[in-house]
Amino acid sequence: MLYFFQQFLNGLHMGALYALLAFGYVLVNGVLHRTNLAHGAIFAFSGQTMILIAVFGWQVLWMTLPMTIAVAIAATFAYAALTGSVLSRNVFEPLAKSSPNAIVVATLGVLLFLTELARISAQTHDFWLPPLLSTPVVFAESSGYKVTLTVIQLLDCAIIAAVLAISGGVLARSRFGRDWRAVSDDPAAAAMCGIDTRLVFRGAVLAGALTAALAGMLAALHFGNIGFGSGLVFGLKILFVAAVGGYRSPVRAALGALGFGIAESLWTGYFPIEWRDGWMFVLLAAMPVLRFGGQETLQSSRQHF
């Protein structure tokens, strides 16, 4: 049971990262109504950017470790905001009413561009951050076996829980949240009611990019490194997780992503890890069929793919 508890706690941490990504993805998808493969790319690009800037500040500018991490986080948020603005104005808005395949191709191109930009900037080298706040916190112990999470994992979970709680409250009670739901349901009717649909669209894309950037930086601080090709894998996982949780509710999608993270961690603890992603994708592909049924699944596929 202690081993199970350990895997469950590990899943809570990964699930929290997935939940933040899913929240931002549904926030964008609600107004875009198209598959967005660039979301995972922003996640990976932000983590890699933070690491590169931190390494530069440490090795070249001789900053202290806390200062170089703080500067890297601030600069990465700025990069993410710029990326979200460019995506909204130059990719999503011109293609929002075109074929869904156009958005898929365009965002795939954005994913490849950001991946190669990070790889070339790092000269294909993997840079690693030193272990940060790695002191274990013991939750249970028996016969010498300890169930632990590190301080950075607990900090990640606390930050994500606070961000999701605040963001969920804003969506539920603020004018932006009401406008977002109106634009998500029917942008033409929302515009006729006096809602600035373009402002809502750009605000949702910007918020989605910032949440993806935050998830990428928290993952980088914990793992110390993010692979160049991880953007596609994380993006596909969040795409399927959001489909299971529902595209109309960012909070519900976040809860579904949390459950997926726990399930993935349990698989890692009990089954061969090399088969993990394959079987988890099979599970994610089967869940919409089991949840929605045949006809609704076909309608959802036409809308989002």
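Source: prediction; values computed, not measured. (Residues numbered from 1 in each chain as written. Predicted model: local features only at pLDDT ≥ 70, side-chain atom pairs only at ≥ 80, totals over all residues. Heavy atoms only, no water.)

1. Section: empty space enclosed by the protein
- Using the criterion set out here, one finds two cavities of 30 Å³ or more in the structure.
- When its volume is computed, the largest cavity comes out at roughly 80 Å³.
- Lining of the largest cavity is provided by Gln 48, Ile 51, Leu 52, Ala 118, Ala 122, His 125, Asp 126, Phe 127, Asn 225, Ile 226 and Phe 228.
- The element that contributes the greatest number of residues to the lining of the largest cavity is helix H2 (residues 38–59), accounting for three residues.
- Residue composition of the lining of the largest cavity, by class: seven nonpolar, three polar and one charged. (1 Å grid on protein atoms, 1.4 Å probe; cavity = no way out; pocket = protein on both sides within 12 Å on 5 of 7 lines; lining within 4 Å. Points joined across faces, edges and corners; volume = space filled by probe spheres on them. Helix = DSSP H or I, 4+ residues; strand = E, 2+ residues; numbered from the N terminus. Nonpolar A, V, L, I, M, F, W, Y, C, P; charged D, E, K, R; others polar.)

2. A closer look at unusual backbone geometry
- A positive phi angle, close to 55°, is found at His 33, a residue other than glycine.
- Note that His 33 resides in the loop between helix H1 (2–32) and H2.
- Of note, Trp 62 is a non-glycine position whose phi angle comes to about 55°, a positive value.
- By the secondary structure assignment, Trp 62 is in the loop between H2 and helix H3 (65–95).
- Note on Trp 62: relative accessible area 74%, which makes it exposed. (Buried < 20%, exposed > 50% of the residue type's maximum accessible area, 1.4 Å probe, protein only.)

3. Digging into the pattern of salt bridges
- Within the structure shown, the criterion is met by five salt bridges.
- A salt bridge links Arg 198 to Glu 93, with the nearest nitrogen and oxygen atoms 3.9 Å apart. With Arg 198 in helix H8 (residues 197–223) and Glu 93 in helix H3, this residue pair connects regions lying 105 residues apart in the sequence.
- Between Glu 93 and Arg 202 there is a salt bridge, and its shortest N-O distance comes to 2.6 Å. Linking Glu 93 in helix H3 with Arg 202 in helix H8, this pair joins segments that are 109 residues apart in sequence.
- You can call Arg 202 partly exposed: its relative accessible area is 24%. (Salt bridge = Lys/Arg side-chain N within 4 Å of Asp/Glu carboxyl O.)

4. Quick look at helix H5 (residues 151–173)
- With 23 residues, H5 ought to run about 33 Å at 1.5 Å a step, and its terminal C-alpha atoms sit 33 Å apart, in line with that.
- Among the residues making up H5, those that are buried are Ile 152, Gln 153, Asp 156, Ile 160, Leu 164, Gly 168 and Leu 171.
- Residues of H5 that are buried in the fold lie against H1, strand S2 (145–150), helix H6 (175–185), H8 and helix H10 (250–270). (Expected span 1.5 Å × (residues − 1). Contact = heavy atoms within 4.5 Å.)

5. With respect to the side chain of His 39
- Structurally, the position occupied by His 39 is in helix H2.
- A relative accessible area of 3% means that His 39 is categorised as buried.
- Each residue touching His 39, except ones within four places of it in the same chain, is listed here: Leu 21, Gly 24, Tyr 25, Gly 208, Thr 211 and Ala 212.

6. Brief notes about the confidence of the model for the protein
- On average, residues of the protein score 88 in pLDDT, and 93% of them reach the 70 mark or higher.
- Per-element confidence in the protein is highest for H5, whose mean pLDDT is 95, and lowest for helix H12 (residues 294–304), whose mean pLDDT is 46.
- Here residues 294–302 scores under 50 on pLDDT; set against residues more than four positions off or in separate chains, the count is four contacts. (pLDDT = per-residue confidence, 0-100.)

7. Some points on the packing of aromatic side chains
- A full pass over the atoms with the stated rule returns seven aromatic pairs.
- An angle of 85° between the planes, with centres 5.5 Å apart, marks the rings of Tyr 3 and Tyr 270 as edge-to-face. A residue pair is termed long-range when its members are at least 10 positions apart, and Tyr 3 in helix H1 and Tyr 270 in helix H10 qualify at 267 residues.
- Assessed through its relative accessible area of 45%, Tyr 270 is described here as partly exposed. (Phe/Tyr/Trp six-rings, centres within 6.5 Å; stacked < 30°, edge-to-face > 60°.)

8. Details of the environment of Trp 267
- Note on placement: Trp 267 falls in helix H10.
- For Trp 267, a relative accessible area of 18% corresponds to the buried category.
- Taking the C-alpha atoms as reference, Trp 267 lies 34 Å from Ile 120; in sequence the two are 147 residues apart.
- Beyond its immediate sequence surroundings of up to four residues, Trp 267 is in contact with Pro 272, Trp 275, Arg 276 and Trp 279.

9. What to know about the pairing of strand S1 (residues 136–142)
- In this sheet, S2 lies alongside S1 in antiparallel orientation, the contact comprising six bridges. Note on S2: the bridge partner recorded for Ala 140 is Val 147.
- The antiparallel pairing of S1 with S2 creates a hairpin that spans two residues between the two strands, and Ser 143 there sits at a positive phi of about 55°. (Pairing = 2+ DSSP bridges.)

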